[in-house]
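# Residue-level structural notes
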Amino acid sequence: MATHAFIHVQHLLGTGHVVRAAAIGRALADRGVDVTLASGNRIPPTLDTTGLTVVELPAARSPDAAFSRLVTLEGDDVDADWKERRITATLEAFGARDADLLLTETYPFGRRQFEFEMSRLLQAAKAQARKPVIATSIRDILVRKQDLWKEEWMADQALAHYDRILVHADPGFIQLQDSFPFAGRVEPLVRYTGYANGTARPAPPEGDGEDEVIVSCGGGAVAEGLLSAALEARPLSRRAEDATWRILIGHDVSEEAFRLYQRNAAPGTIVERARRDFPGLLQNARLSVSQAGYNTVLDILIAGVPAVLVPFAQALETEQTQRAEALAAHRRAIVAPETGLTPERLAAAIDDALALPRSKHKVLLGGAEKSADILLRDLTERASA
């Protein structure tokens, strides 16, 4: 009988979580594993789920960056009845066949508002006649909590229920202890996989990105300050005012706002929608200017391009700031805080970044494939114990 893996993922605002979960699922499928991917939000139509059995659970999302509420896709607040439907759907999907591997993306190192569901899923896993290997998949930086007891709770849950913690990072840049005060307690469970860099992207047309300043903002829903400053910063820069500036606007930005950005662009500035060949543009570029999300920073590290990072830091978000500061400590980027960002401050940060050397360090990649190998090795070791 084939090995079966059950992967549970919940993305709330962006899609990076489900992208990483699907990448691990595909890597397991490539190694002969039957994989069920259970998603708690709508899966993006562009996401490659080849070889996976996809289950879309009753969907929830966050209406804003505060992450203080859960709503349905229609915008209704999640209530007790919805939670019961969600638990039932998850347990039915998990119980369709015994799992050899259970992978929960982020939980228990985040998504604590889904404890009502996840605690039941973990109970079901432990109740199987043959308990599966239980693992969690986390990105390089965790969001710090204001209450230390919440972080201690994360460690307690991991030690009580989990066999493995997969950290998708290059430990030469970032380690779990950089953003998690109880890293020492869970260290025996931790394995660093390298960055999970997803699928190959197309190469850009010849000349695109060549010696350019590439300004990007992911989906763009929370990047108005960065985009507005970038539109006016070019003539203020001493080291980049001669370059073409290419500003990439994410698809979460409305068409009306996108057209306004285009109309406000000065000569020497190209404003266009975000492109799938973005990593190739960075390979050719003089400089990257962006927020500090996981996937964007990974593309910057791979390209070795100097960077200005304007980390998203609204509400209680700390993840992007910590990631940006870690790169700055390695002289890979200059950090320009989002609060008080002006064209003048952005131009000064750009000039400082262009004084940094272009890096030749090869960042550790292959996180999805390494994750699959680690999980299958854990499974083999359990079977032979």
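Residues numbered from 1 in each chain as written. Predicted model: local features only at pLDDT ≥ 70, side-chain atom pairs only at ≥ 80, totals over all residues. Heavy atoms only, no water.

## Thoughts on the pattern of salt bridges
Throughout the structure, instances matching the rule amount to 27 salt bridges. Between Arg-144 and Glu-151 there is a salt bridge, and its shortest N-O distance comes to 2.6 Å. Note on Glu-151: relative accessible area 1%, which makes it buried. Measuring nitrogen to oxygen at the nearest pair gives 2.7 Å for the salt bridge that ties Arg-246 to Glu-212. (Salt bridge = Lys/Arg side-chain N within 4 Å of Asp/Glu carboxyl O. Buried < 20%, exposed > 50% of the residue type's maximum accessible area, 1.4 Å probe, protein only.)

## Some remarks on the packing of helix H6 (residues 224-233) against helix H11 (residues 343-353)
Packing of H6 against H11 leaves a shortest axis separation of 8 Å and a crossing angle of 75°. One way to sum up the angle between H6 and H11 is to call them roughly perpendicular. Residues Leu-226, Ala-229, Ala-230, Glu-232 and Ala-233 of H6 lie in contact with H11, whose contacting residues are Pro-343, Leu-346 and Ala-347. Grouping the constituent residues of the contact of H6 with H11 by class yields 7 nonpolar, no polar and 1 charged. (Axes fitted to C-alpha atoms, helices over the stretch in contact; angles between N-to-C directions. Helix = DSSP H or I, 4+ residues; strand = E, 2+ residues; numbered from the N terminus. Parallel < 35°, antiparallel > 145°, perpendicular 65-115°, else oblique. Contact = heavy atoms within 4.5 Å. Nonpolar A, V, L, I, M, F, W, Y, C, P; charged D, E, K, R; others polar.)

## Some thoughts on the sheet that holds strand E2 (residues 34-39)
In spatial order, the strands read E3-E2-E1-E4-E5-E6-E7; together these 7 strands make up an open sheet with parallel pairing. A single partner strand is all that each edge strand has here, and the edge strands are strand E3 (52-56) and strand E7 (190-192). Between one strand axis and the next, the sheet turns through 20° on average, direction left out of account. For strand E6 (residues 164-168) and E7, the ladder comprises 3 bridges, and the chain directions are parallel. What sits directly across from Val-167, in E7, is Tyr-192. In the packing of helix H2 (residues 80-95) onto the sheet, contacts are made with strand E1 (4-9), E3 and strand E4 (101-105), and the angle to E1 comes to roughly 160°. (Pairing = 2+ DSSP bridges.)

Bear in mind that shape data such as this cannot, by itself, settle questions of function.
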